[in-house]
Amino acid sequence: MPLHRIWYSPGAFSEQDKAALAENITKLYTSFGLPAFYVVVLYLPVEEKNYFVGGKKESKFVRISVQHIARHFPSNKTADQFLDKYENVLAPFIKERGLDWEISTVAEKEWVRLDKAVPYDEKDNVIG
Amino acid sequence: MPLHRIWYSPGAFSEQDKAALAENITKLYTSFGLPAFYVVVLYLPVEEKNYFVGGKKESKFVRISVQHIARHFPSNKTADQFLDKYENVLAPFIKERGLDWEISTVAEKEWVRLDKAVPYDEKDNVIG
Amino acid sequence: MPLHRIWYSPGAFSEQDKAALAENITKLYTSFGLPAFYVVVLYLPVEEKNYFVGGKKESKFVRISVQHIARHFPSNKTADQFLDKYENVLAPFIKERGLDWEISTVAEKEWVRLDKAVPYDEKDNVIG
């Protein structure tokens, strides 16, 4: 149920990059015990003529929205820890190539339907 | 004001499918008394090379985000009832064709501006 | 950190329009004291065959989502004032050309990471 949307400039990532990054993002969640099939990563190409940062056209910026649908971060510390790990996953593909980035993360309880078994925790919250 | 974003693989839907599904989604709202022109459905094609589920490329998955902007679901039961009806509307286009899907629904009070008359309920909440 | 996503029909805006509107949106924020580089504007073209309003294909509608990530509007009045100014910025590009539009604005506290210095206010909230 985590949904990652990555708005990038065409050319910033190769096909190999995209596959490797999606795999590494997914591994971050399976390391927390989440089933892999819950993790959706969408690469959304935005041409330079449509990508503005600070009012100027931009081709080296990556904007990422991470939506955690069924589970809140229990504390700011947990959110920080997640973002530290997430930025480590991203670094070889973004930071270490001189790209700029911004990540925003929402973790809110939404109503969700998935055509797969959905696990619940002891408090009857959907996990994911 | 409901905004439906449908991230799909090119080829998963025909043009007739998209028109029929958008019409059926819209009818779901008009059956609740909402004016048809409030309902926005955007089909957002994502090529297989950009669509990852579980860390693998995917061409048979449909991810849907439903945003109800001005009105909360009054209860979990109401949300469930809505999602039951919504999944029935989707089924002929998605489930019955062997596609997988995930729907997430937010229903939060946002600030909204529309260049049309906006109806208010007895408590001065925007309806939609 | 404000993220503006503009779903428009190809052809509704020229390249000059997009640059000028992004610049004007950015100026709205710098007039409030926000650094320009915080403001991200993404133009997301949606072909008429994928753009449905009221269940019908549409090529004259502009749907805008404004996400203010780190700062709530302190009151409905503040939100209204912001939206008044924002609609004034949009008007020459949208209203005065006979396009229809809808804007929704969320202003919620998300967790955010940016690879630039992030300013904090006196209450230790991220500004933006």
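Residues numbered from 1 in each chain as written. Chains lettered and ligands numbered in written order. Predicted model: local features only at pLDDT ≥ 70, side-chain atom pairs only at ≥ 80, totals over all residues. Heavy atoms only, no water.

## Considerations on the overall build of chain A
Formally: Numbering of helices and strands runs from the N terminus, with a helix taken as a DSSP run of H or I at least four residues long and a strand as a DSSP run of E at least two residues long. Per-residue accessibility, obtained with a 1.4 Å probe over protein chains only, is compared with the maximum for each type, and a residue is labelled buried under 20%, exposed over 50%, and partly exposed between these values. Any two residues whose heavy atoms approach within 4.5 Å at even a single point are treated as in contact. The method behind every accessible area is Shrake-Rupley, applied with a 1.4 Å probe, and residues are considered shielded solely by the protein chains displayed.
The helix and strand tally for chain A stands at 2 helices and 7 strands. For chain A, the N- to C-terminal ordering of α and β elements is β-α-β-β-β-β-α-β-β. For chain A, with 128 residues in total, the buried portion stands at 57%. For chain A, long-range pairs separated by at least 24 residues make up 76% of all intrachain contacts whose partners lie at least 6 apart in sequence. A total of about 5500 Å² of accessible surface is found on chain A, and carbon and sulfur atoms cover 49% of it.

## Remarks on the side chain of E102 of chain A
Position of E102 of chain A relative to the elements: it lies in strand β6 (residues 100–107). Using a relative accessible area of 1% as the deciding quantity, one classes E102 of chain A as buried. Residues within four places of E102 of chain A in sequence aside, it is in contact with F61, V62, R63 and I64 of chain A together with M1, V40, I69, V112, R113 and L114 of chain C.

## Digging into the relation of the copies chain A and chain C
Definition in use: Here the copies are matched by least squares. The fit uses the C-alpha atoms of residues with pLDDT of at least 70 in both.
Superposing chain A onto chain C takes a rotation of 120° plus a shift of 0.0 Å along the axis, which leaves an RMSD of 0.0 Å. Classification of the inter-copy transformation places it as that of a three-fold axis. Scanning chain A for the C-alpha nearest the rotation axis identifies L44 of chain A, at a separation of 5.5 Å. Interface overlap between copies: only 7% of the residues of chain A at the interface are likewise at the interface in chain C, consistent with a contact formed by different surfaces.

## Description of the interface of chain A and chain C
Test applied: Put simply, buried area is the surface a 1.4 Å probe can reach on two separate parts but cannot reach once they are joined, added for both. Side-chain atoms alone can form a polar contact between residues adjacent in sequence; in general such a contact is a pair of N or O atoms within 3.5 Å, and within protein one must be able to donate a hydrogen while the other accepts it.
The interface of chain A with chain C comprises 29 residues on the first partner and 29 residues on the second. Between chain A and chain C, a total of about 2500 Å² is buried, with carbon and sulfur atoms accounting for 54% of that surface. A per-residue breakdown of the area chain A buries against chain C is headed by N50, F52 and E102 of chain A, which together make up 24% of the total. For the pair chain A and chain C, the number of links is 6 residue pairs in polar contact (both at pLDDT 80 or more).

## Concerning the interface of chain B and chain A
How we decide: The salt bridge criterion pairs a side-chain nitrogen of Lys or Arg with a carboxyl oxygen of Asp or Glu, the two atoms within 4 Å. Note on residue categories: nonpolar means Ala, Val, Leu, Ile, Met, Phe, Trp, Tyr, Cys or Pro, charged means Asp, Glu, Lys or Arg, and polar means any other residue, Gly included. Strand pairing requires that DSSP identify at least two bridges connecting the strands.
Listed by partner, the interface residues are 29 residues for chain B and 29 residues for chain A. At the boundary of chain B with chain A, total buried surface from both sides reaches about 2500 Å², with 53% on carbon and sulfur atoms. Taken together, the links from chain B to chain A amount to 0 salt bridges. Inspection of the region where chain B meets chain A yields 7 residue pairs in polar contact (both at pLDDT 80 or more). For the side of chain B that touches chain A, the elements supplying multiple residues, two or more each, are β1 (3–8), β3 (51–53), β5 (61–68), α2 (76–90) and β6 (100–107) of chain B. The greatest single-element share of the side of chain B that touches chain A, amounting to 8 residues, is contributed by β6 of chain B. Of the residues that constitute the side of chain B that touches chain A, the class distribution is 14 nonpolar, 6 polar and 9 charged. Pairing geometry for strand β2 (residues 40–45) of chain A and β3 of chain B, over 3 bridges, is antiparallel.

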